[in-house]
Amino acid sequence: MRSLPPTFFLSARIAAVALLLATLQGCATFRSYDSELTNTINLASAGNVDGAIRLLEGNNRYGRKDLLYYLELGELERLRNRYQASTTAWMSADAQVQVWENTALTNPRQLLGGAGSLLLNDKSLPYRGHDYEKVMLLTYIALNHLAMGEREQARVAIRQTHELEAVIAELRSKEIAEVEEDAKKRGARTSFKELNGYPLETID
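Attention here is on the structure that accompanies the text. None of the values given here were measured: they were computed from a predicted structure.

1. As for helix α7 (residues 151–185)
Between its first and last C-alpha, α7 extends 52 Å over 35 residues, near the 51 Å set by a 1.5 Å rise per residue. Just downstream of α7, glycine 187 is the residue with a positive phi angle, here 80°.

Written out as structure tokens, the structure reads:
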């Protein structure tokens, strides 16, 4: 779709989560995104960006380089003003976002109802990223292009943020409709409440 080349219920589930976590606690094959990111961030904050990149590479040498890897690599390269290397990493991240985007357009049901993945360790599935990360990725790519004087490429990336936002809005609309339909089948009641001045429809 896009022309740019490769750049987060109840009682029963709580019980299931507790059971699964007890099963996974001793499994050494699972890794923690949080601890790995903390270590690289600490190195980068201390001014050792190259050391942070080496640590990032070391953490991923046996695994598939997913979206989070390329997001972080692109940011680390940008901290050293290596805009081309940063853009290359973020283009790889964008290529993975485009796969997600194409699925949202052609087979959205595959992306809906994914709450079951919450039962798994964060490293048991590829990192798909939050909606805002997908959009901000293109914004950061545009900023890199501007830093390199590539105004037309920056304009293309910004236009793509609007296209991606529309895809995300449509997918989330379908997701909400699915939840509402399921709730109605279960006899749930809907009502409107106000949160900081904004009206919200809630489902009991």
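Now that the structure has been shown, we can carry on.
2. Describing a nonpolar patch on the surface
A contiguous nonpolar surface patch, about 470 Å² in accessible area, is contributed by Tyr132, Met136, Tyr140, Leu143 and Leu146. Looking at the element boundaries, tyrosine 132 is found in helix α6 (residues 131–147).

3. Some remarks on the layout of surface pockets
By volume, the second largest pocket is sized at about 370 Å³. Of all the secondary-structure elements, those providing two or more residues to the lining of the second largest pocket are α2 (33–45), α4 (67–79) and α6. The biggest single contributor to the lining of the second largest pocket is α4, with 6 residues.

4. Here we look at the packing of aromatic side chains
The geometry of an aromatic ring pair is captured by two quantities: the separation of the ring centres and the angle between the planes. In the structure shown here, the tally under the stated rule is 2 aromatic pairs. Note on tyrosine 69 and tyrosine 70: the rings are 4.9 Å apart at their centroids and 75° apart in plane angle, and the pair reads as edge-to-face. Of the two residues, tyrosine 69 and tyrosine 70, neither departs from the other in class, the shared state being buried. The ring of tryptophan 100 is capped by lysine 134, whose NZ or CZ atom sits 4.3 Å from the centre of that ring.

5. Examining the nonpolar core
If you look at soluble globular proteins, the nonpolar side chains tend to sit buried side by side. Among the nonpolar cores identified, the biggest contains 31 residues, and Leu76, Trp100, Leu137, Ile141 and Leu164 are the most heavily contacted of them. Counting only elements with at least two residues in this core, the list comes to α3 (49–59), α4, α5 (83–106), α6 and α7. A total of 7 residues in this core trace back to one element, the largest contributor, which is α5.

6. Focus on the packing of α4 against α5
Between α4 and α5, whose axes approach to 8 Å, the crossing angle comes to 160°. Regarding the angle of α4 to α5, the classification is roughly antiparallel. Between α4 and α5 lies a crossing whose hand is left-handed. Facing Leu67, Tyr70, Leu71, Leu73, Gly74, Glu75, Glu77 and Arg78 of α4, the residues of α5 in contact are Tyr83, Ala85, Ser86, Ala89, Trp90, Ser92, Ala93, Gln96 and Val97. For the contact of α4 with α5, the residue count by class is 10 nonpolar, 4 polar and 3 charged.

Rules used throughout
- Residues numbered from 1 in each chain as written.
- Predicted model: local features only at pLDDT ≥ 70, side-chain atom pairs only at ≥ 80, totals over all residues.
- Heavy atoms only, no water.
- Helix = DSSP H or I, 4+ residues; strand = E, 2+ residues; numbered from the N terminus.
- Expected span 1.5 Å × (residues − 1).
- Patch = residues over 30% accessible without salt bridge, like charges linked within 9 Å, V, L, I, M, F, W, Y side chains within 5 Å.
- Areas by Shrake-Rupley, 256 points an atom, 1.4 Å probe, with all protein chains shown as cover.
- Salt bridge = Lys/Arg side-chain N within 4 Å of Asp/Glu carboxyl O.
- 1 Å grid on protein atoms, 1.4 Å probe; cavity = no way out; pocket = protein on both sides within 12 Å on 5 of 7 lines; lining within 4 Å.
- Points joined across faces, edges and corners; volume = space filled by probe spheres on them.
- Phe/Tyr/Trp six-rings, centres within 6.5 Å; stacked < 30°, edge-to-face > 60°.
- Buried < 20%, exposed > 50% of the residue type's maximum accessible area, 1.4 Å probe, protein only.
- Lys NZ or Arg CZ within 6 Å of the ring centre and 35° of its normal.
- Core = buried A, V, L, I, M, F, W, Y, C linked by side-chain atoms within 4.5 Å.
- Axes fitted to C-alpha atoms, helices over the stretch in contact; angles between N-to-C directions.
- Parallel < 35°, antiparallel > 145°, perpendicular 65-115°, else oblique.
- Left-handed = near helix turned anticlockwise from the far one by under 90°.
- Contact = heavy atoms within 4.5 Å.
- Nonpolar A, V, L, I, M, F, W, Y, C, P; charged D, E, K, R; others polar.

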